[in-house]
Amino acid sequence: MSGSLLEVQNLDRSYGKVHAVRDLSFTMQRGQITGFVGPNGAGKTTTMRIAATLDVPDGGDVRIDGVSVLVEPRLARLKIGYMADQFHPYPNLDVLQYLDFFARAYGLRGDRRRRTVRSVAEFCGLVEFADRPATGLSKGMGQRLHLAKTLLHDPQLLILDEPAAGLDPRARIEFRALLKELAAAGKGVLISSHILPELGEMCDSVVVIERGQRIVAGTIAEIQRHQELEQAVVARTIGDAAPLQRFLLTQPHVGEVAIDGARLRFAFGGDDEALAGLLAAVVQQGLPIVEFARAEADLEDIFLKTTKGRLQ
Amino acid sequence: MTTITTDDPAPALRASPWSRLSDRLNPILVREVQQAIKGRVFPLTVFATLVVCVSIALFAASRHSEGADGRGAFYAGLATLVPLVIFIVPMHAYQSMRTELKGGIVEQLLLSRLTPGAVLFGKLQTAMVQFVLYVSVLAPLLATTYLLRGVDLPTILLSLGFAMVLCLAATAFAVSSAAQAIVPALQGVASLGIALGLGIATFGLIGFVLSGTYAMAIGALLRSGHLWPAVSALVLLAAYVTVLSWLAARSFLVHAFENKSTGFRVFLFVAPVFAYAWMLLAIELRYWSEVFAGMTFGMTLIGVCFGAFMVTEQRGLSPRVRAHAPAAPALALPATVLLPGRDRGLLCYTVYAVALLLVGMLGWPAWGSSTEAKLLGRSGLMVLVYGLVYLSIGRWLRGRLADNLQGNHIARVMLPLLLFLCIVLPVVFDLLVSDRVRGWHLGHVMNPFWTIDQFVGDRWPRAVPVLIAVAVLMFVLQLPIAGRALREVTAAIAARRARAAGGATAAAAARAEE
């Protein structure tokens, strides 16, 4: 089916007097990893739960591959894999039994069930832990098991609520690799996380929300353009950086210049042509420059620039 | 999913006969069995039961040489079975459900193809497997008691049948209580309620069995020829408990904060049909008068209880329910009665009351001849009218509160409190004014118990015009409310038809484009 994989349309959800989500709309495409970013209490989990058919909006709708979660929740469920922020496996079940149970719950029978359990366990690197008790896994392996369970019915859209919380760096890197592989296989991934540098590395686009409302959405480059974020430039000289700093401060489009040892980081408001002119001027001055490049604004910059940290 | 597919079956899960068989079973049952086998609690319970059974058997054998028959050993075995099937099995189901709720596992289950009904059914199947296992542990003892004489086969079979039905109903109740604990405010109440309820039922039944009362009762039942009515009534009651538990579990497991009571409303109308059918099939003609009057009266009370919940709901339909309104405009009227919302709740109670009144009027010439039946009929009529009055007040009160779940809970506390105050305040007033409680006077008119007691006898003719006037007044007052309820449903139906037409147009456009 053509069109967006996920369409959030004018979503509203209140809990008493608290408006968790207000008139929220955004879309995401197949094969995309979309970061869902916002301060605590911004409405990320509420939105994700509505998209996963676990909550009902007061207004608006969510469509998964064209299927409304309000009108056809059962059909929508077959298209989504939802990974909540907490994972509580059953006691007295080993890893394969746990996956086998959920495979049965998803209606898989016979050889198909066994094959799927095996392949999902392999994909998530769980085969060597197959007969370990599910409750005895490390946090990282637990998250892998959680993801494996989410993949059993081959969903088109993965909704992952804080999946990397509490993982060590290696587990996070491995988990990220799994998600990239899934996106490469054509699945859409909507992921929320507070570890913004990591999201920035893996996401094709981001949606930033605050107090239940969309602040900004799009690719990081688009948002930068849209928000007119001043781009930073990083330069490095041989020896003392102070002469370069003094020179830069006399040049057009250059904003604040910060020195960190032999490195400089300065704000630059001009375009690429102006930047090339600046580099030529620096070289002409005979300043010993060995590095000169734009430092792209990251997700943290966007987040800090676009949100105000308001709580509700 | 191409990236994670392999053709090799998992070695640990290679198709065994058990695996093939288990494909046909409820996944919950399969998982519970796997967990029980790996856990410690279940084997320990079975072992303890076995030890108790062997002890009883040895004791009975030693007494047999002194001339005692197997009756004592049988009832001791039955008393051993009672805590297992009335407490251990339901509590296991309760704990299992709580574990799933605590960890959010149940949400993961409901995202699969499992419905709340399948989850509950899986728990009931697990309970039945446990029941069969415990009975099989007890089977040698039961066989011994039969061989020792003093207990006949019908008694053994009937006792096991009763135990099974009670086990099923208690488990359904336990699972439903656990499901209700999804709302944090209800967790403590649910745990306390289930532990107390099952504990009291267990001790009561053990006492009933060991005191010999059970032996007498079952003997009398077998001799009286009332076995079929009693057994069928018990099965019907257990079925009601199970269905109600399923409805409660369902409403709490799926979107606990959403307003949805359609299942309960359907149950309210369907349950009396089965009850009357049971009367026609199981009760002798000579008892119909009393049974009919008693059942009809009971249904008026049940209707008021259901009504109290229905009129204290949020008013509107949720977007999800609106999206699922029936497509046919002809179904607008029945849908208005059955769809959630307090306005429709009051209408639903009114329709139920009118239906019950019609059934009563139809049956009365034939069955309303006895004095007891007549009194019950009049009481039922007054209960229906009082129900209408109190539920209208309840609906109004609910409208003054916030339109959320907490508002529902507060109104459900306020309504019985209001009844209590209407009973107590006139009495207090009498005590303050004249130092004693005089007889019934108009100040006690909102006390249904006293008023009904006053007027069902000789003063009935004086009550009839008042009853009719009140009923008509309440009916007229309700018309705008019912109109509003109907309009919301017709709007939902129109929206659904428009959506369907839009979808068809879009599909036609897509086909044309292709």
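Preceding block: the structure.
The structure presented is a predicted model; accordingly, all values stated were derived computationally and were not measured.

Engineer: Describe in detail the overall build of chain B, supporting the description with residues and values.
Structural biologist: A tally of helices and strands in chain B yields 19 helices and 0 strands. In terms of principal-axis extent, the alpha carbons of chain B reach across some 80 × 75 × 45 Å. Counted over contacts in chain B with a minimum sequence separation of 6, partners at least 24 positions apart contribute 81%. Carbon and sulfur atoms make up 73% of the accessible area of chain B, which amounts to about 25200 Å² in all. Across chain B, the 39 positively charged side chains and the 23 negatively charged ones have centroids separated by 4 Å.

Engineer: Summarise the sheet that holds strand E5 (residues 67-68) of chain A; cite the residues concerned and give the values.
Structural biologist: Residue and element names in this part refer to chain A. Taken in spatial order, the 4 strands line up as E2-E1-E4-E5 in an open sheet, and their pairing is antiparallel. Of all the strands in the sheet, the pair left with one neighbour each is strand E2 (18-28) and E5. Across 2 bridges, the pairing between strand E4 (residues 59-64) and E5 is antiparallel. For Arg63, the partnering residue across the bridge sits in E5 and is Ser68.

Engineer: Which residues make up the side chain of A:Arg114, and what values do they have?
Structural biologist: Within the element layout of this structure, A:Arg114 appears in helix H4 (residues 110-123). Engagement of the side chain of A:Arg114 in a polar contact is seen with the side chain of A:Asp111, the distance being 2.6 Å.

Engineer: Describe the packing of helix H11 (residues 262-282) of chain B against helix H12 (residues 288-310) of chain B, with residues and values.
Structural biologist: Residues and elements named next belong to chain B. Across the interface, H11 lies against H12 with an axial gap of 11 Å and an inter-helix angle of 170 degrees. In terms of orientation, H11 lies roughly antiparallel with respect to H12. Only Trp288, Val291, Phe292, Met295, Thr296, Met299, Ile302, Gly303, Phe306 and Met310 of H12 make contact with H11, whose side of the interface consists of Phe264, Arg265, Phe267, Leu268, Pro272, Ala275, Tyr276, Trp278, Met279 and Leu280. Tallied by class, residues from the contact of H11 with H12 come to 17 nonpolar, 2 polar and 1 charged.

Engineer: Would you mind going over the pairing of strand E9 (residues 205-210) of chain A in detail, with residue names and values included?
Structural biologist: Residue and element names in this part refer to chain A. The buried count for E9 comes to 6 of 6 residues, which makes it a mostly enclosed element. Burial along E9 is two-sided: Ser205, Val207 and Ile209 facing one way and Val206, Val208 and Glu210 facing the other are all buried. As defined by bridge partners, strand E3 (residues 33-37) adjoins E9 across 4 bridges and the pair is classed as parallel. Counted as the bridge partner of Phe36 is Val207 from E9. Relative to strand E10 (residues 213-218), E9 runs antiparallel, the two sharing 5 bridges. Bridging across to E10, Ile209 finds its partner in Arg214.

Engineer: Describe helix H1 (residues 44-51) of chain A, listing the residues and the values that go with them.
Structural biologist: Residues and elements named next belong to chain A. The element H1 is extensively covered by neighbouring structure, given that 6 of its 8 residues are classed as buried. Within H1 the residues assigned to the buried category are Lys44, Thr46, Thr47, Met48, Ile50 and Ala51. Once H1 finishes, Thr53 follows within two positions and takes phi at roughly 70 degrees, a positive value.

Calculation notes
- For every chain, the first residue of its written sequence is number 1, and the numbers climb from 1 along that sequence.
- Chains and ligands are labelled sequentially in the order written, the chains with letters from A and the ligands with numbers from 1.
- Reporting in this predicted model follows two pLDDT cut-offs: at least 70 for local features of residues, and 80 or more for side-chain atom pairs to be given and counted; totals over whole chains, interfaces and linings ignore these cut-offs and use all residues.
- Excluded from the side-chain calculations are hydrogens and water; all other atoms, namely the structure's heavy atoms, are used.
- Helix and strand assignments follow DSSP, with helices taken as H or I runs no shorter than four residues and strands as E runs no shorter than two, numbered in order from the N terminus.
- Residues count as neighbours in contact if any of their non-hydrogen atoms are within 4.5 Å of one another.
- Method for areas: the Shrake-Rupley scheme with a 1.4 Å probe, in which residue coverage is limited to the protein chains shown.
- Counted charges follow a simple rule, with Lys and Arg positive, Asp and Glu negative, and His plus the chain ends left uncounted.
- Where a charge sits is defined by one atom per residue type, namely NZ (Lys), CZ (Arg), CG (Asp) or CD (Glu).
- Whether two strands pair comes down to DSSP finding at least two bridges between them.
- For the purposes of these results, a polar contact is taken to be a pair of N or O atoms within 3.5 Å, where, inside protein, one atom must be able to donate a hydrogen and its partner to accept one; residues adjacent in sequence count only when each atom of the pair is a side-chain atom.
- Interaxial angles span 0 to 180 degrees and are taken between N-to-C directions of axes, which are lines fitted to C-alpha atoms, for helices over the stretch in contact.
- To sort the angles, those under 35 degrees are grouped as roughly parallel, those over 145 as roughly antiparallel, those from 65 to 115 as roughly perpendicular, and the leftovers as oblique.
- Throughout, the ten residues Ala, Val, Leu, Ile, Met, Phe, Trp, Tyr, Cys and Pro are labelled nonpolar, Asp, Glu, Lys and Arg are labelled charged, and all others, Gly among them, are labelled polar.
- Relative accessible area decides the class of each residue, using a 1.4 Å probe on protein chains only: under 20% of the type maximum gives buried, over 50% gives exposed, and in between gives partly exposed.

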